[in-house]
Amino acid sequence: MADAKPKTSPKSIKFLFGGLAGLSAGLLRQATYTTTRLGIYTILFEKMTGADGRPPNFFLKALIGMTAGATGAFVGTPAEVALIRMTADGRLPPDQRRGYTNVFNALARITREEGITTLWRGCIPTMARAVVVNAAQLASYSQSKQALLDSGYFGDDILCHFCASMISGLVTTAASMPVDIVKTRIQNMRMIDGKPEYKNGLEVLLRVVGKEGFFSLWKGFTPYYARLGPHTVLTFIFLEQMNRLYKTHVLDR
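Let me begin by describing the structure that accompanies this report. (Residues numbered from 1 in each chain as written. Predicted model: local features only at pLDDT ≥ 70, side-chain atom pairs only at ≥ 80, totals over all residues. Heavy atoms only, no water.)

## Focus: the overall build of the protein chain
Then, number 1: Per the secondary structure count, the protein chain includes eight helices and two strands.
Then, number 2: Listing the helices and strands of the protein chain from first to last along the sequence gives α-α-α-α-α-α-β-β-α-α.
Then, number 3: For the protein chain, the proportion of its 253 residues judged to be buried stands at 35%.
Then, number 4: Carbon and sulfur atoms make up 66% of the accessible area of the protein chain, which totals about 15800 Å². (Helix = DSSP H or I, 4+ residues; strand = E, 2+ residues; numbered from the N terminus. Buried < 20%, exposed > 50% of the residue type's maximum accessible area, 1.4 Å probe, protein only. Areas by Shrake-Rupley, 256 points an atom, 1.4 Å probe, with all protein chains shown as cover.)

In structure tokens, the structure reads:
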């Protein structure tokens, strides 16, 4: 007797496609936020480089990173709003689901039904987080790369880019985790007697440190770095290669 073919239940299909919810929004967010911040950082970095080829100092690099991060976050906020709504849609009661078919359908409906300014809801805290993350990530990468090259043991190659981006990932993880804790707790806070649980981000930090200890701000450091480290490495390796190809095949022609 032939083995019966396993049947795929409707719940399995729903789970499979539910895991892909917001994929188009996630891709658009990366295409807008990441390309904008990296492009602006590269342009400003080259503008601030001296005529003798001397790169800007660390504090200027951090300022450039903050500018690039804030601008990229502003550009990427509409896609992030769509992403948050699309991924949360499956957890809502059936009568409250929006049923966006893709990111462009979401953006069009949000604009039509709620007004175009809704696309930038939550823009300020998103930009604030991006300022911290990008100041740490972009500035630390440039500084680490410069230090490795100055050591004489590295050339301007993939090995140097890999080591610099791993250092950048560590710095970014350390800098961004407290900000993420504040952002997450404010987003998930309860209303107690008609008042919000926290007044602002500073109160979150003080209460977390007071109740859970100073180092609780970096609780889960290893898994966080395990996610951010490879992302940082791939981002900068691809960026360096694309910049090299652009200079070789466009600027030097």
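Still to come is the rest of the account.
## A closer look at helix α5 (residues 123–151)
Then, number 1: An ideal rise of 1.5 Å per residue puts 42 Å on 29 residues; α5 measures up with 41 Å between its terminal C-alpha atoms.
Then, number 2: Where α5 terminates, the next one or two residues include Gly 152, which has phi positive at roughly 85°. (Expected span 1.5 Å × (residues − 1).)

## What about the nonpolar core?
Generally speaking, a soluble globular protein has its nonpolar side chains buried in company with each other.
Then, number 1: Of all hydrophobic cores here, the largest spans twelve residues; its members are Leu 38, Tyr 41, Phe 45, Ile 64, Ala 68, Leu 138, Tyr 141, Leu 148, Cys 160, Ala 164, Phe 236 and Leu 239.
Then, number 2: Residue assignment for this core shows that the elements contributing at least two residues are α2 (23–48), α3 (58–88), α5, α6 (158–187) and α8 (221–251).
Then, number 3: When neighbours within four sequence positions are excluded, Ala 164 is seen to be in contact with Tyr 141, Ser 144, Lys 145 and Leu 148. (Core = buried A, V, L, I, M, F, W, Y, C linked by side-chain atoms within 4.5 Å. Contact = heavy atoms within 4.5 Å.)

## Quick look at the packing of α3 against helix α4 (residues 103–114)
Then, number 1: Their axes nearest at 10 Å, the elements α3 and α4 cross at an angle of 100°. Between α3 and α4, the angle is such that the two are roughly perpendicular. The segment α3 lies against α4, with Pro 78, Val 81, Ala 82, Arg 85 and Met 86 engaging Val 103, Ala 106, Leu 107, Ile 110 and Glu 114.
Then, number 2: When the residues that make up the contact of α3 with α4 are grouped by side-chain class, the tally is eight nonpolar, no polar and two charged. (Axes fitted to C-alpha atoms, helices over the stretch in contact; angles between N-to-C directions. Parallel < 35°, antiparallel > 145°, perpendicular 65-115°, else oblique. Nonpolar A, V, L, I, M, F, W, Y, C, P; charged D, E, K, R; others polar.)

## With respect to the state of the cysteines
Then, number 1: In this structure the tally under the stated criterion is zero disulfides.
Then, number 2: Cys 160 takes part in no disulfide bond, and the closest cysteine sulfur to it belongs to Cys 163, at a distance of 7.2 Å.
Then, number 3: Relative accessible area serves as the criterion here: at 22%, Cys 163 is assigned to the partly exposed category. (Disulfide = S-S within 2.5 Å.)

## Some points on the pattern of salt bridges
Then, number 1: Within the structure shown, the criterion is met by seven salt bridges.
Then, number 2: The salt bridge involving Glu 113 is made with Arg 109; its shortest N-O contact spans 3.1 Å. One end of the pair, Glu 113, and the other, Arg 109, are both in helix α4, four residues apart, so they sit about a helical turn from each other.
Then, number 3: According to the relative accessible area criterion, Glu 113 is partly exposed, its value standing at 46%.
Then, number 4: One network of salt bridges, in which partners are shared, links Lys 145, Asp 156 and Glu 240. (Salt bridge = Lys/Arg side-chain N within 4 Å of Asp/Glu carboxyl O.)

## Here's the deal with the packing of aromatic side chains
Centre distance and the angle of the planes are the two values used to describe a pair of aromatic rings.
Then, number 1: Counted under the stated rule, the structure contains seven aromatic pairs.
Then, number 2: Through pairs of rings, three or more aromatic residues link up here, namely Phe 214, Phe 215 and Trp 218.
Then, number 3: Just above the ring of Tyr 224 sits the side chain of Arg 227; from NZ or CZ to the centre is 5.1 Å. (Phe/Tyr/Trp six-rings, centres within 6.5 Å; stacked < 30°, edge-to-face > 60°. Lys NZ or Arg CZ within 6 Å of the ring centre and 35° of its normal.)

## Quick look at the side chain of Arg 29
Then, number 1: Turning to its location among the elements, Arg 29 is positioned in helix α2.
Then, number 2: The residues contacting Arg 29, other than those within four sequence positions of it, are Thr 34, Gly 76, Ala 79, Glu 80 and Leu 83.

## Some words on the packing of α2 against α3
Then, number 1: Contact pair α2 / α3: the axes reach a minimum separation of 8 Å and the direction vectors enclose 165°. Classified by the angle their axes make, α2 and α3 are roughly antiparallel. α3 is crossed by α2, and the crossing has right-handed handedness.
Then, number 2: Residue classes in the contact of α2 with α3 are distributed as 17 nonpolar, ten polar and four charged. (Left-handed = near helix turned anticlockwise from the far one by under 90°.)

These figures come from the coordinates and say nothing about function on their own.
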